[in-house]
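This is what each chain is made of:
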Amino acid sequence: MSFSPTSTDRLLSMYLALAQYPILSNRIRLRMRQEMFSRGIIQEDAFKKEARQMTIRSQRREGLEDPYGQEPADIWETRYSRIVDHLTDLLFSQHFSFEEFEGLVRQVLSERGIYSKKDLMLNLNPELIPLDMVFAQAQMIVKLSKKERARYEARLLECKVVLIRQLISDQLRYINIAKKWLKISDLVEIRRRKISSGRIGGKAAGMLLAARILYEKSDEELRACLDKPDSYFLGSDLLYTFMSMNNLDVWNDQKYKDEEEMRADYPAIVQAYESGDFPQDIKESMMNLLSEVGDKPLIVRSSSLLEDNFGTSFAGKYISVFLPNQSTPEENLRELIRGVARVYASTLEPNALTYRRSRGLLDYDERMAILIQVVKGDTFGDYYMPHGAGVAFSRNLFRWTPQIRREDGFIRLVWGLGTRAVDRVGNDYPRLIALSHPTLRPNTDPKRIKLYSQRYVDVIDLKKNILATMPVHDVLNSDYRPLRYIAQLDHGGDLLPIRSSLIDGDPEQLVINFDEMIKRTNFADYMRTILDILETGYQMPVDMEFTLEIIEDKQSGRPDVRITVLQCRPQAYMSITGNEPIPKELKAEDMIFSTDFVVPQGVIERVDYVLFVPPEGYFRLNSLLERSELSLAIGRLNAAMTKESFICVGPGRWGSSNTDLGVPIGYGDIYRTKALIELAGKDIGPEPEPSLGTHFFQDLMEGNIYPLAIQLDAPETIYNHDFFYNTPNRISEWLDLKGDIANSLRLIRVSDYRADHAIRIVMNDEEKQAVAYLKSLEEE
């Protein structure tokens, strides 16, 4: 077949026209063929024969000699379908004018009720068209009159779901909630602030959803005290671009290696990632971001596709990197690239991978998006930090007194950056606030309040351009504007409010407790309302990270607060039903232990093994290396005991970053245990400190692992020393340990202490008691 100039022009015009109607192109071409057949231009059988011959010739051009035997049926059908389309366009352009083609198109469109380009746009399928066209369709619907828009509400919802799924998250439980709250304007703003393709991940998703829910449901007073963090996003697809460009694909199989290999490889992985770079266009976008932000400090936060999801919070598994952002533009860009690379590397951090393994998530394509936020805070001298930061929970799962209402939630609050609120640091204490009774403390003795108060503060040192941890008294002085609201003075054993701008006496007497802020502002009421609104919006309990600014009215001097929600996710909690009473008249010889320190609610029906770290054995391990080796041994034992029911018992704060205060395990080392029981007492470990609200605590909740503490010096405590020390040690049946490590880990089989028995543990928070006792297996 030959082409005339006229038919070629018509063919090109037809291609352009059909491109405007991609969803209807098949129907239009069908009508074109019917028109040719009816006018006798070509018979239907001849058309099909010609199309088939052209398809075979195209195969032969590709070296296929057996047209039916060398190509799968689905590929043949695709090839044949494309030839049919091409032949239809070619023949039609040779025998019909473009005006006749336009008339045929208008006829097809009118049959679908489409009479204009607007009608066409509103009838395009959002699932099949490019993202820009989905936005255009959604924005067109939003701009319609109220009467016209009612006709397209279902289509608008479909557009919203498609945009949420492509921009934010493909998790159905999130989509089901987000589609009710997010506006098209929210999604437009995400696209404006996003660099590269892919989704923005779970952490960013939760923050944005929480902001919209609060804006819609808050009254005028609460809305006035809420603020949003200035945020930017790196799409999840950029991770693979970074890995490919920097030859990092060699590490892709880390998740399938054993834990020892993961830990051995990780330092090299971090070094390789930190040496990486981005394409020039991405670096230009990052530089534009930095130019927009100015010299404000930044935080680079993980926002993986699974993070902050329903049932998988990944709390603390990936890192966040603070950037002071106080150097030259070029150096600030280098630090931003390095910070993003470090977050990327943390996807292969051993504790993150073992967490994924424990949750059955290894095979999921866990891409990492990045959330970049301007750090909320004020400058004081050389330091930059918020007046307060912390984590809040809509349900208070561990009450220190029965009068506290679970449904009102609780807060873990610190002065400065919120890192000390979410991490279990060994040398410090946050302020715990039960929102049903904000001024009610776990301890009422002023000496103990001071003992369990915050001693260090995390700040950004603007002069040194670093993140720093400082003693609070090296930072605080009478010039600090909100001082009177965050601290009190220890005056002869009594804690007194600060009444003037001058601090009488030694600044060392300042005690961080936030008492005056709690008493003189609506902070507790605001937080209780915020948590209630978010729990209702999420249709389940939530936890949120936030910062706090204390402000004073210039005329009245009355203090108020401004709260910024940084993160929101479903709250990790244990599946608990009922509250079984503590058994009465238990025999002394049956008791293993009893404790009354911050007791949870629940029952562990059967424990066959106890993994016990003797305090004296642990503290004989003098080096960090030896204590780390012990943690690895615990992790190997945890991995091996797949079919056994066991608990862990040992000294100090397990999971602490300070090995002098407790066993430095991670969640991945103990995720099979039924309970984690910390021992405290003289020369054994620090007094127990509730880990409520830390990332480690959330891991325990997700894993249905009960946290308990035993104060061995307390007169009410029962502790069966004979059971823990004189029952045979079966560790050698599971692990080959040498030297001091072997003396620091005991594996007790309960039936060795008493045949045909197991341990049963009952915890009752109303009675403030937990007991572990021997129970005959014949009673089951």
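Residues numbered from 1 in each chain as written. Predicted model: local features only at pLDDT ≥ 70, side-chain atom pairs only at ≥ 80, totals over all residues. Heavy atoms only, no water.

J.: Now, about the overall build of the chain: what can you tell me, with residues and values included?
T.: Looking only at helices and strands, one finds 31 helices and 28 strands in the chain. Within the chain, contacts between residues separated by at least 24 positions form 75% of all contacts whose residues are at least 6 apart in sequence. For the chain, the computed accessible surface area is about 34200 Å², with 47% contributed by carbon and sulfur atoms. In the chain, 99 positive and 115 negative side-chain charges are present, and the distance between their average locations comes to 5 Å. (Helix = DSSP H or I, 4+ residues; strand = E, 2+ residues; numbered from the N terminus. Contact = heavy atoms within 4.5 Å. Areas by Shrake-Rupley, 256 points an atom, 1.4 Å probe, with all protein chains shown as cover. Lys, Arg positive; Asp, Glu negative; His and termini not counted. Charge placed at Lys NZ, Arg CZ, Asp CG, Glu CD.)

J.: Would you mind going over helix 3 (residues 44-61) in detail, with residue names and values included?
T.: In a regular helix each residue adds 1.5 Å, so 18 residues correspond to 26 Å; helix 3 covers 26 Å between its end C-alpha atoms and thus fits that length. Inspection of helix 3 places F47, A51, M54, T55, I56, S58 and Q59 among the buried residues, and these make up the whole buried set. The first or second residue beyond helix 3 is G63, which carries a positive phi of 90°. (Expected span 1.5 Å × (residues − 1). Buried < 20%, exposed > 50% of the residue type's maximum accessible area, 1.4 Å probe, protein only.)

J.: If you had to explain the pairing of strand 12 (residues 456-461) to someone new, which residues and values would you point to?
T.: When a strand is regular, its side chains alternate between the sheet's two faces. Among the 6 residues of strand 12, 5 are classified as buried, and the element is accordingly described as predominantly covered. Two strands pair when backbone bridges link them, and strand 12 and strand 13 (residues 466-471) are joined in this way by 6 bridges, in the antiparallel orientation. In the sheet register, I460 faces strand 13, and the bridge partner there is L467. Counting the residues that bridge the hairpin from strand 12 to strand 13 gives 4 residues, and of these N465 lies at a positive phi of roughly 60°. (Pairing = 2+ DSSP bridges.)

J.: Before we move on, could you go through the pattern of salt bridges and cite the residues and values that matter?
T.: By the definition in use, this model includes 53 salt bridges. Salt-bridge contacts for R155 lead to E158; the nearest nitrogen and oxygen are separated by 3.1 Å. One end of the pair, R155, and the other, E158, are both in helix 9 (residues 153-167), 3 residues apart, so they sit about a helical turn from each other. Judged by relative accessible area, which is 22%, R155 ranks as partly exposed. For E158, a relative accessible area of 25% translates into the label partly exposed. (Salt bridge = Lys/Arg side-chain N within 4 Å of Asp/Glu carboxyl O.)

J.: Break down empty space enclosed by the protein for me, citing the residues and quoting the values.
T.: By the definition in use, this model includes 4 cavities of 30 Å³ or more. Of the volumes computed, that of the second largest cavity is approximately 90 Å³. Lining the second largest cavity are 14 residues; nearest its centre among them are Y174, G202, E307, D308 and N309. For the lining of the second largest cavity, the secondary structure elements donating two or more residues are helix 12 (201-217) and strand 18 (559-570). The element best represented in the lining of the second largest cavity is helix 12, accounting for 3 residues. By residue class, the composition of the lining of the second largest cavity is 7 nonpolar, 5 polar and 2 charged. (1 Å grid on protein atoms, 1.4 Å probe; cavity = no way out; pocket = protein on both sides within 12 Å on 5 of 7 lines; lining within 4 Å. Points joined across faces, edges and corners; volume = space filled by probe spheres on them. Nonpolar A, V, L, I, M, F, W, Y, C, P; charged D, E, K, R; others polar.)

J.: Please set out the side chain of S303 residue by residue, giving values where relevant.
T.: In this fold, S303 is placed in strand 4 (residues 298-304). Residue classification places S303 among the buried positions, given a relative accessible area of 0%. Apart from residues no more than four positions distant in its own chain, S303 is found in contact with I200, G201, G202, K203, A204, M368, A369 and L371.

J.: Lay out the packing of aromatic side chains in plain terms, naming residues and giving numbers.
T.: For the structure shown, the criterion picks out 21 aromatic pairs. With a centroid separation of 6.3 Å and an interplanar angle of 70°, the aromatic rings of F92 and F101 are classed as edge-to-face. The pair formed by F92 and F101 is uniform in burial state, with each residue classed as buried. Each ring, one from F523 and one from F546, has its centre 6.2 Å from the other, and the planes form 45°; the classification is tilted. Residue F523 is located in helix 24 (residues 523-538), and its partner F546 is located in strand 17 (residues 542-552); the two are separated by 23 residues in the primary sequence. Looking at R191, its charged tip hangs above the ring of F135, at a distance of 3.9 Å from the centre. The ring centre of Y618 lies 4.9 Å from the NZ or CZ of R627, which sits over that ring. (Phe/Tyr/Trp six-rings, centres within 6.5 Å; stacked < 30°, edge-to-face > 60°. Lys NZ or Arg CZ within 6 Å of the ring centre and 35° of its normal.)

J.: Explain the environment of G652 to me, using residue names and the numbers behind them.
T.: Within the element layout of this structure, G652 appears in the loop between strand 22 (646-651) and helix 27 (667-670). The class of G652 is buried, set by a relative accessible area of 1%.

J.: Could you give me a rundown of the nonpolar core, with the residues and numbers involved?
T.: In terms of nonpolar packing, the biggest core is built from 87 residues, with W415, F523 and I563 touching the most fellow members. With 9 residues, the single largest contributor to this core is helix 24. Once residues lying within four places of it in the same chain are set aside, the contact partners of F523 are I411, L413, I433, M517, F546, L548, V561 and I563. Among the nonpolar cores identified, the runner-up in size contains 76 residues, and I195, Y618, M641 and L747 belong to it. (Core = buried A, V, L, I, M, F, W, Y, C linked by side-chain atoms within 4.5 Å.)

J.: Summarise the sheet that holds strand 28 (residues 769-776); cite the residues concerned and give the values.
T.: Strand order in the open sheet formed by 5 strands is 20-27-28-19-25, with antiparallel pairing between adjacent strands. Two strands in the sheet have a free side with no partner beyond their single neighbour: strand 20 (602-607) and strand 25 (718-719). Examined bridge by bridge, strand 19 (residues 591-595) and strand 28 share 4 bridges and lie antiparallel to one another. What sits directly across from S594, in strand 28, is V771.

J.: Tell me about helix 15 (residues 259-274), and name the residues and values.
T.: Since there are 3.6 residues in each turn of an α-helix, residues three or four apart along the chain are aligned in direction. Between its first and last C-alpha atoms helix 15 spans 22 Å; for 16 residues at 1.5 Å apiece the expected length is 22 Å, and the two agree. Y266 marks the point of greatest bend in helix 15, at about 40°, and the proline P267 comes within the next four residues. Restricting attention to buried positions, one finds in helix 15 the residues E259, M262, D265, Y266, I269 and Y273. In this structure, the buried side of helix 15 is in contact with helix 14 (238-245), helix 17 (329-345), helix 18 (350-358) and helix 27. (Bend = angle between axes of the 7 residues up to and from the residue.)

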